[in-house]
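# Coordinate analysis (summary)
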Amino acid sequence: MTLDWGAVDRGNTVEGLRQRKLDLVLAADCCYDDQVGSTPDPNQFFTVCHQLCNAKTSCLLAVERRRETTYDKFIACAKRRFSKVRQLPHPAAALVADSRHVELWSLSIE
């Protein structure tokens, strides 16, 4: 299922998914610079990810390296919202095309 984390009406979708007690939340291509070159605030994204998780949910992110300020802001926000944030070893990232620029991260609220 695709979830537009910036949508105004996402609350009902998030609540419906949350009631299912998800085991896994996957996200990709979620760290970016907008068209004017500024760094969007990732708080909405991580708020939705956090709302979807419970103590048993793993949240896996495929994060393409962008500008350092964009990347640093994104990871710092993840660390504020989740109690456990860790980058997965590079062999796991080898499953991703052109993995030199893509990192895999695991987030949890445990």
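Report on the accompanying structure. (Residues numbered from 1 in each chain as written. Predicted model: local features only at pLDDT ≥ 70, side-chain atom pairs only at ≥ 80, totals over all residues. Heavy atoms only, no water.)

## Some points on the packing of aromatic side chains
This structure, assessed with the given rule, holds four aromatic pairs. Cluster of aromatic residues (ring-pair linked, three or more members): Phe45, Phe46, Phe74 and Phe82. (Phe/Tyr/Trp six-rings, centres within 6.5 Å; stacked < 30°, edge-to-face > 60°.)

## Considering the environment of Asp29
Structurally, Asp29 is set in the loop between strand 1 (24–28) and helix 2 (43–52). With 35 residues separating them along the chain, Asp29 and Glu64 place their C-alpha atoms 6.6 Å apart. (Helix = DSSP H or I, 4+ residues; strand = E, 2+ residues; numbered from the N terminus.)

## What about the nonpolar core?
The biggest cluster of nonpolar side chains holds 25 residues, and the ones touching the most others in it are Phe45, Phe46, Leu61, Phe74 and Leu107. Elements that contribute at least two residues to this core include exactly helix 1 (10–19), strand 1, helix 2, strand 2 (58–64), helix 3 (68–81) and strand 4 (102–108). Among residues more than four places away in sequence, those in contact with Phe74 are Cys30, Cys31, Pro42, Phe45, Phe46, Leu61 and Val63. (Core = buried A, V, L, I, M, F, W, Y, C linked by side-chain atoms within 4.5 Å. Buried < 20%, exposed > 50% of the residue type's maximum accessible area, 1.4 Å probe, protein only. Contact = heavy atoms within 4.5 Å.)

## Quick word on unusual backbone geometry
Backbone phi values are negative for most residues with the exception of glycine, while trans is the configuration of most peptide bonds. Of note, Lys21 is a non-glycine position whose phi angle comes to about 50°, a positive value. Following the sequence through the fold, Lys21 ends up in the loop between helix 1 and strand 1. Unusually for a residue other than glycine, Asp29 sits at a positive phi of about 55°. Judged by its relative accessible area of 54%, Asp29 is exposed.

## Remarks on helix 3
The end-to-end C-alpha separation of helix 3 is 20 Å, in line with the 20 Å expected for 14 residues at 1.5 Å each. Among all positions of helix 3, only Thr70, Tyr71, Phe74, Ile75, Cys77 and Ala78 are buried. Taken end-on, helix 3 shows its buried residues confined to a sector of 155°, consistent with a single buried face. Residues of helix 3 that are exposed and point more than 90 degrees away from the buried face comprise Thr69, Lys79 and Arg80. Check the buried side of helix 3 and you find it contacts helix 2, strand 2, strand 3 (84–87) and strand 4. (Expected span 1.5 Å × (residues − 1). Arc of directions from axis to C-beta.)

## A closer look at the sheet that holds strand 2
With mixed pairing, four strands are arranged side by side in an open sheet as 1-2-4-3. With one partner strand each, in any of the chains shown, strand 1 and strand 3 form the two edges of the open sheet. The sheet shows a mean angle of 20° between the axes of neighbouring strands, direction not considered. Of the pairings in the sheet, the one linking strand 3 to strand 4 comprises four bridges and is antiparallel in character. By the bridge assignment, Arg86 is partnered in strand 4 with Ser106. This element, helix 2, spans strand 1, strand 2 and strand 4 of the sheet and lies at about 155° to strand 2. Against the sheet, helix 3 engages strand 2, strand 3 and strand 4, with an angle of about 20° to strand 4. (Pairing = 2+ DSSP bridges. Axes fitted to C-alpha atoms, helices over the stretch in contact; angles between N-to-C directions.)

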